[in-house]
Amino acid sequence: MPNVRFLLTGDTSLSAEFGNEISEEINAQIRAFTIALEKSGIPGIVELVPTYRACMIHYDPGVISYRALTKRLEGLLGQLGSIEIPPSDVLEIPVLYGGEMGPDMAFVAEHAGISEQEVVAIHTSTEYLIYMLGFTPGFTYLGGMSDKLETPRLKQPRVKIPAGSVGIAGKQTGVYPIDSPGGWQLIGRTPVKMYDPDRETPILPKAGQYIKFRAIDRAEYDEIAAQAEKGAYVCRTYPRGEAAK
Amino acid sequence: MSVTVLNPGLLTTVQDAGRVGYQQFGVSVSGVMDPRAMRIANILVGNDENEAVLECTMLGPQLRFDKAEVIAITGGDLGATLDGQSVATYAAFSVREGQTLRFTGLRTGCRAYIAFAGGLDVPLVMGSRSTYMKAKIGGVAGRKLEKDDVIGFRKPAAEILNLVQRRIAPEVTARTEYAVRVVMGPQDDLFTPAGIDTFLGETYTVTNEFDRMGCRMEGPVIEHKNGGDIISDGIAFGAIQVPTAGKPIIMLADRQTTGGYTKIATVITADFRIIGQLKGGDKVRFARVSIEEAQEALLTEREALTALRTMAGSAYAKERRPVVRPGRKEAAEKKGD
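Residues numbered from 1 in each chain as written. Chains lettered and ligands numbered in written order. Predicted model: local features only at pLDDT ≥ 70, side-chain atom pairs only at ≥ 80, totals over all residues. Heavy atoms only, no water.

## Examining the interface of chain A and chain B
Convention followed: Any two residues whose heavy atoms approach within 4.5 Å at even a single point are treated as in contact. What counts as buried area is the accessible surface, traced by a 1.4 Å probe, that two parts surrender upon association, with contributions from both included. For this document, the term salt bridge refers to a Lys or Arg side-chain nitrogen within 4 Å of an Asp or Glu carboxyl oxygen. Polar contact criterion, stated in full: a pair of N or O atoms within 3.5 Å, where within protein one must be able to donate a hydrogen and the other to accept it, and residues adjacent in sequence count only if both atoms are side-chain atoms. By the criteria applied, helices consist of DSSP H or I runs no shorter than four residues and strands consist of E runs no shorter than two, each listed in order from the N terminus. We call Asp, Glu, Lys and Arg charged. Ala, Val, Leu, Ile, Met, Phe, Trp, Tyr, Cys and Pro are nonpolar, and the rest, Gly among them, are polar.
If you look at the interface, chain A gives 42 residues, while chain B gives 40 residues. Counting each side, the surface lost to burial between chain A and chain B is near 3,300 Å², with a carbon and sulfur contribution of 59%. Taken as a group, Leu8(A), Asp11(A) and Glu47(A) account for 18% of the area that chain A buries against chain B, more than any other trio of residues on that side. Put simply, chain A and chain B have three salt bridges between them. Notably, a salt bridge pairs Asp189(B) with Arg5(A), separated by 3.1 Å at the nearest N-O pair. Inspection of the chain A/chain B interface yields 15 residue pairs in polar contact (both at pLDDT 80 or more). Among the elements of the structure, strand S1 (5–8), strand S3 (45–50), strand S4 (54–59), helix H2 (66–78) and strand S6 (128–133) of chain A are those that each provide at least two residues to the side of chain A that touches chain B. Take the side of chain A that touches chain B: its biggest share by element is five residues, from S3(A). Classifying every residue of the side of chain A that touches chain B by side-chain character gives 22 nonpolar, 12 polar and eight charged.

## What to know about the packing of helix H3 (residues 105–112) of chain A against helix H4 (residues 116–123) of chain A
Residues and elements named next belong to chain A. Test applied: To obtain an axis, a line is fitted to C-alpha atoms, over the contacting stretch when the element is a helix, and the angle between two such axes runs from 0 to 180 degrees between their N-to-C directions. Every angle not falling under 35 degrees, over 145, or within 65 to 115 is termed oblique; those three ranges are roughly parallel, roughly antiparallel and roughly perpendicular.
Remark: H3 packs on H4, axes separated minimally by 9 Å, with the N-to-C direction vectors making an angle of 90 degrees. Of the possible angle classes, the one that applies to H3 and H4 is roughly perpendicular. For the pair H3 and H4, the contacting residues are Met105, Ala106, Val108 and Ala109 in the first and Glu116, Val119 and Val120 in the second. Per-class residue counts for the contact of H3 with H4 are six nonpolar, no polar and one charged.

## Some details on the pattern of salt bridges
Convention followed: Throughout, exposure labels follow a simple rule: accessible area from a 1.4 Å probe, protein chains only, divided by the maximum for the residue type, with under 20% read as buried, over 50% as exposed, and the rest as partly exposed.
By the definition in use, this model includes 31 salt bridges over all chains. The residue Lys160(A) makes a salt bridge to Asp179(A) at a minimum N-O spacing of 3.5 Å. Of this pair, Lys160(A) sits in strand S8 (residues 158–161) while Asp179(A) sits in the loop between strand S10 (172–175) and strand S11 (180–182), and the two are 19 residues apart along the sequence. Residues Glu171(B) and Arg273(B) are paired through a salt bridge, measuring 3.5 Å at the closest nitrogen-oxygen approach. Taken as a pair, Glu171(B) in the loop between strand S12 (150–153) and strand S13 (177–184) and Arg273(B) in helix H3 (residues 272–275) lie far apart in primary sequence, 102 residues in all. For Glu171(B), a relative accessible area of 24% corresponds to the partly exposed category. One connected set of salt bridges, linked through shared partners, spans Arg5(A), Glu17(A), Arg53(A) and Asp189(B).

## Digging into the nonpolar core
This is how it is decided: Joining through side-chain atoms within 4.5 Å is the link that ties buried Ala, Val, Leu, Ile, Met, Phe, Trp, Tyr and Cys residues into a set, and such a set is a nonpolar core. Where each domain begins and ends is defined by an automated method or by a domain database.
Within the largest apolar cluster, 52 residues are counted, with the highest numbers of intra-cluster contacts made by Phe199(B), Ile240(B), Ile250(B), Ile264(B), Ile275(B), Leu278(B) and Phe286(B). Ranked by residues supplied to this core, first place goes to helix H1 (residues 35–44) of chain B with six residues. Shared between two domains, this core takes at least three residues from each, and those domains are domain 1 (2–173 + 323–336) and domain 2 (177–289) of chain B. Ignoring any residue separated from it by four or fewer positions in sequence, one finds Ile250(B) in contact with Met213(B), Gly214(B), Cys215(B), Met217(B), Gly238(B), Ala239(B), Ile240(B), Val267(B), Ile275(B), Leu278(B) and Phe286(B). Within the second largest apolar cluster, 41 residues are counted, among which are Val120(A), Leu149(A), Val166(A) and Ile187(A).

## Describing the side chain of Asp271(B)
Residues and elements named next belong to chain B. Relative to the helices and strands, Asp271 is located in the loop between strand S20 (263–267) and H3. Among the residues examined, Asp271 registers a relative accessible area of 4% and is labelled buried. Beyond its immediate sequence surroundings of up to four residues, Asp271 is in contact with Ala179, Val180 and Arg181.

## Here's the deal with the domain arrangement of chain B
A common way to report how large an interface is uses the accessible area buried once the components associate. Residue and element names in this part refer to chain B. Per the domain assignment, the segments of chain B are domain 1 (2–173 + 323–336) and domain 2 (177–289). Between domain 1 and domain 2, the C-alpha centre-to-centre distance is 29 Å. Each side of the interface is counted separately: domain 1 has 30 residues, and domain 2 has 18 residues. Taken together, both faces of the contact between domain 1 and domain 2 bury some 1,800 Å²; the carbon and sulfur share is 51%. Along the contact surface separating domain 1 from domain 2 lie two salt bridges. For Glu55, the salt bridge is made with Arg212, and the minimal N-O distance between the two is 2.8 Å. At the boundary of domain 1 and domain 2, one finds 11 residue pairs in polar contact (both at pLDDT 80 or more). Listing elements by their share of the side of domain 1 that touches domain 2, those giving two or more residues are H1 and strand S10 (111–116). Partitioning the side of domain 1 that touches domain 2 into residue classes produces 12 nonpolar, 12 polar and six charged.

As structure tokens, this is what we get:
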């Protein structure tokens, strides 16, 4: 049973804290706990917000008090070993690398001392863990990028980065889900809408899943973009450990 | 079936109880800053208590009614007038077609709420009508109201059952110093004992940097053990974030879903009515309560609102003042439901 602290975050929520570091192991425990909690049928739970090393649990004190809830959660933690947790899904995100879609590709390649093709090969070879989402709707905090691609942020942030842009900032990589200002080095763009408020599933990625990028050419980009515009494009997902075809 | 915005005021947005269930995807909750004021306004006009309302900030809007409607205004007193005649807050009243509601100036609090019987006709986005300006969703086109906006009513009511009974004493007073109750945590253990004493013993003043995201305060530095940075985690409404500089920020409706600064304490739900009405220059002292006391206060507040709903639509009022005949009563109920 993991060593978990319940922290008060007001009178309608609490934080179950699983540790004090960013690690895949802690994040996996949080994912397992979140899945178990969703299945548990504990009454009064309103919303769960998993983050790097904690899961915030919003609840209705009119249904369950803090004391009663923490007691149930302790019981749940005790059973965690016996609850079957399915493997994480991998979400495949198609990306057109370089050119006008990735204006900083040349800089990133030069900084790493490798070719642009090698940047693409390295960037698409990893399954990146989605530790959490935050900052803006659909923004993922990913872990696992190769040290070789580590690049400092732009000295002067751009005023507007188009939605779908894929970037690198320090040790991090990610996708801008909405048009926003930002200082990330842009290496490509996905035609997929990571966030669409009018879609049945407004946000594609979920904490605890993995993202794998797949390089596409301009023709495929345009085709996917057209489908995405109609809401007809569905990203490939597969259980982790099952090789991508 | 609508209201036309002649002047939007400083910051007027459509808000309800917020967008629940999407924080794990990075979507801010948004919603009203003073939930109690919203609930009372809705109860007074016979709505579900979480129906969308207009939240008006400091300088209220000017609205022309193109259809008769029953409304109620609660929260801070922004000096509401109807065709130049001042109107009571915390009371439901009828507005006739063609009349203009305007606000003459801030008297108490910071934000007023206007509830419309039957609700406003703006689309639900992810289960809520709340405006979330950063992501440009909800409310009217995801933004604050602008001149010439037209907002429809879903089921307007020219009259309403027991109108005279739908009135209570205004709740936001002209105070500028407040005691705000908090439960300590989640990161109170990352402050020194002296830092905790400072936080609970000193007075903090609201700076002019206060908006729907947060309320920045000035006052004695709250001492950390090892700085104010943490690995990012979730943020609740009312969380009091203290970055390394040691000055508290109360996180509010449009707060980010996650953040990387220590949070020393969280304002209790029963006192959201205070922090939702704070403005620059107001002074606050924080008082620690237990989680049991906080939850007790929350349940007491809910009971009070249930009692208010019962009173607003009570048979008692009908017996005493039978203004509604059986036939009309049915019609009124249909409109109001």
